[in-house]
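Each chain, written out:
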Amino acid sequence: MESKKIFELIEKEKQRQTKGLELIASENFVSDEVMKAAGSVLTNKYAEGYPGRRYYGGCEIIDQIEEIAIESAKKLFGAAYVNVQPHSGAQANAAVFLACLKPGDKVMGLDLAHGGHLTHGSPVNFSGLNYDPVFYKVNKEDGRINYEDMMATARREKPKMIIVGASAYSRDFNYKKFREVADEIGAILMADISHPAGLIAKGILSDPLPYCHIVTTTTHKTLRGTRGGMIMLGKDFENPFGYKTPKGEIKMMSQVFDGAVFPGTQGGPLEHIIAAKAITFIEALSDEFLVYAHQVVKNAQVLSKSLIERGFEIISGGTDNHLMLIDLHNKNITGKVAEKVLEKAAITCNKNMIPYDDRSPFITSGIRFGTAAVTTRGLKENDMIKIADFVNEVIDNPENDKVLNKVREEVNSLMDSRPLFNW
């Protein structure tokens, strides 16, 4: 009886996903092949360790799958080392911290309230609880990172590690500037590209691998794959720190990171998810994915422009990637309320703090949109104009059920015309 209830709920969630507009910037839709791999018999296999170095028998086939995932990711990003075992981006970041830092070491990341991520030093996360966080911020005037101020903060604070990356920043990063100050103060430079990874892989945004010692990412979002994490090193950074073991032996950084993932921060890898990651990378190597990635950015830029034309304020004035952060102050509505009323109209997004927000993280003054998922559904530039109209109508009429129901019907009709694979 209870298992039947679970499958009924799964079907309801399937209907929610297929009939609604998915504007959460962290989400996307996987292919049938990725879905099949993630739900395959590989979920039955335990495989602690790495290919050729397992603590369990019966891993000959598993080893081949994980090696394909590693080699495909290397080819996709031009990396010299890849670890595909982290269960999430947060797990990947935790492993990097364990490998490179000691408790109490100082780290510098983008302030969470300015678009950063929990694992970049938030006081409620392991990165802020176990380490000493300091932050760089965006300008109040234009919503962009002030690189001179960032460099001045780094020189003053002298963090052991600097993190480049964000979860709600719509502009590209100047990794060269971060590397300059990292070299000057002797800091490790890490990039977390969880959001723009698919756009970086196809050369649409700046590549961190030539500049950053370490790169972490998730495998969903703009990569359009299964949920998971990954750690990468560029060819110039295989052993950048001269790491020494307690016995005085030099270890390659690949060995250090392998140990930090397993057994350092997690146990057996999820080999069904690693198989799904392998398919994700293979799909992302295709010319078709390049077309998709370009369309994601085109859609984001048209949606941003269309919202501005309807009186919405976009932090930084636009976007270079797949997302945008919207300041709702001039609309006289909070992020919390906006999220709820948009959901009533079958438009899913998330409330989000804006830089220098005067409301709490539970209320917020902003919402965040992303175009990766709707682009997977096949929506193009003209559809982004429709979406801006939908959003504008809902935000202008948050208590008018007649309007919300009308928009919901229009959204359902639009999404019915863009089916999701063979789900």
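Parameters at a glance
- Residues numbered from 1 in each chain as written.
- Predicted model: local features only at pLDDT ≥ 70, side-chain atom pairs only at ≥ 80, totals over all residues.
- Heavy atoms only, no water.
- Helix = DSSP H or I, 4+ residues; strand = E, 2+ residues; numbered from the N terminus.
- Expected span 1.5 Å × (residues − 1).
- Buried < 20%, exposed > 50% of the residue type's maximum accessible area, 1.4 Å probe, protein only.
- Contact = heavy atoms within 4.5 Å.
- Polar contact = N/O pair within 3.5 Å; in protein donor to acceptor, adjacent residues only side chain to side chain.
- Core = buried A, V, L, I, M, F, W, Y, C linked by side-chain atoms within 4.5 Å.
- Salt bridge = Lys/Arg side-chain N within 4 Å of Asp/Glu carboxyl O.
- Patch = residues over 30% accessible without salt bridge, like charges linked within 9 Å, V, L, I, M, F, W, Y side chains within 5 Å.
- Areas by Shrake-Rupley, 256 points an atom, 1.4 Å probe, with all protein chains shown as cover.

Student: What am I meant to see in helix α15 (residues 401-416) here?
Tutor: What sets the pattern is the α-helix's 3.6 residues per turn: residues three or four places apart point alike. Compared with the 22 Å implied by 1.5 Å per residue over 16 residues, the 22 Å span of α15 between its first and last C-alpha is a close match. Looking only at α15, the buried set comprises Val403, Leu404, Val407, Val411, Asn412, Leu414 and Met415. Buried-residue contacts for α15 involve α1 (2-19), β1 (21-22), α12 (335-344), β13 (347-348) and α14 (381-396). Measuring from the backbone nitrogen of Lys402 back to the side-chain oxygen at the start of α15 gives 3.1 Å, which picks out Asn400 as the cap.

Student: What is the right way to look at the nonpolar core in this model?
Tutor: Nonpolar side chains tend toward joint burial in soluble globular proteins. Phe77, Ile162, Phe173, Phe178, Ile193 and Met232 are the most contacted members of the largest nonpolar core, which totals 53 residues. Dropping the residues within four chain positions of it, Met232 is found in contact with Phe77, Ala79, Tyr81, Val82, Ile193, Leu209, Ile214, Val215 and Thr217. Listed in part, the 35 residues of the second largest apolar core include Leu23, Ile333, Val341 and Cys349.

Student: What am I meant to see in the pattern of salt bridges here?
Tutor: Between side chains of opposite charge, a pair can form as their charged atoms come close. Under the criterion given, the structure shown has 22 salt bridges. Of the charged contacts in the structure, one is a salt bridge between Asp105 and Lys160, with a shortest N-O distance of 3.7 Å. In this pair, Asp105 sits in the loop between α4 (89-100) and β5 (106-110) while Lys160 sits in the loop between α6 (147-157) and β7 (161-165), placing the two residues 55 residues apart along the sequence. Owing to a relative accessible area of 36%, Lys160 belongs among the partly exposed residues under this scheme. With its nearest N and O atoms 2.6 Å apart, the salt bridge here joins Lys305 to Glu309. On the criterion of helical spacing, the pair formed by Lys305 and Glu309 is a turn pair, its members being four residues apart in helix α11 (residues 287-309). No difference in accessibility class separates Lys305 from Glu309, as the two residues are exposed. Because the salt bridges share partners, they merge into one network encompassing Arg54, Asp63, Glu66 and Glu271.

Student: Would you take a moment to explain a nonpolar patch on the surface for this structure?
Tutor: Taken together, the side chains of Ile6, Phe7, Leu9 and Ile10 present a nonpolar region at the surface, about 410 Å² in accessible area. Residue classification places Phe7 among the exposed residues on the basis of a relative accessible area of 59%.

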